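# Descriptive analysis of the structure
Below, each chain spelled out in residue letters.
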Amino acid sequence: MTQEEKIEICQRRDKSYTGKFYLAVKSTKIVCNPGCSSKVPSEKNMVFYDMLEEVLADGYRLCKICMKEMWRQ
Ligand SMILES: [Zn+2]
């Protein structure tokens, strides 16, 4: 997938890409699945990761909407 394809997938909230890559939002420091129902960020705030571990290592927090089930206690 190219950067442009990932942006487009996030903008149409395509849930079929859940787990294939992650959308990190620079302005809020939140990481989402591509199909998240929260407000779609502007392109300049989008950063894409393949590994959730890498996103978290960069200081992003899990989205409370689309990653609720991944919150531990
Ligand atoms: Zn989300």
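The structure under discussion appears in the preceding block.
Figured I'd write up the structure that's included with this text.

## Some thoughts on the pairing of strand 1 (residues 22–25)
One face of the sheet, then the other: side chains in a regular strand alternate in exactly this way. Side chains Tyr 22 and Ala 24 project from strand 1 onto one buried face, and the interleaved Leu 23 and Val 25 project onto a second face that is buried too. When strand 1 meets strand 3 (residues 46–49), the two strands line up antiparallel, connected through 4 bridges. Opposite Leu 23, over in strand 3, you have Phe 48 as the bridge partner. Where strand 1 lies against strand 2 (residues 30–32), 3 bridges are found, and the strand directions are antiparallel. Considered in strand 2, the bridge of Val 25 is made with Ile 30. The hairpin formed by strand 1 and strand 2 contains 4 residues between the paired strands, and Lys 29 there has a positive phi angle of roughly 60°.

## Considering unusual backbone geometry
Although it is not a glycine, Arg 13 sits at a positive phi angle of roughly 55°. Counting through the fold element by element, Arg 13 comes out in the loop between helix 1 (3–11) and strand 1. For Arg 13, a count of 16 C-beta atoms within 10 Å corresponds to the partly exposed category. One non-glycine residue with positive phi stands out, namely Lys 29, at about 60°. Examined against the element boundaries, Lys 29 turns out to sit in the loop between strand 1 and strand 2.

Procedures and definitions
Within any chain, residue numbers begin from 1 and follow the written order of that chain's sequence. Confidence filtering applies because this is a predicted model: local features only for residues at pLDDT of at least 70, side-chain atom pairs given and counted only at 80 or more, and all residues used for totals across whole chains, interfaces and linings. For every residue, the other C-beta atoms within 10 Å of its own C-beta are counted; 20 or more classify it as buried, 12 or fewer as exposed, and values in between as partly exposed. C-beta atoms are placed from the backbone. The numbering of helices and of strands both runs from the N terminus, where a helix is a DSSP run of H or I of at least 4 residues and a strand a run of E of at least 2. What makes two strands pair is DSSP finding at least two bridges between them.

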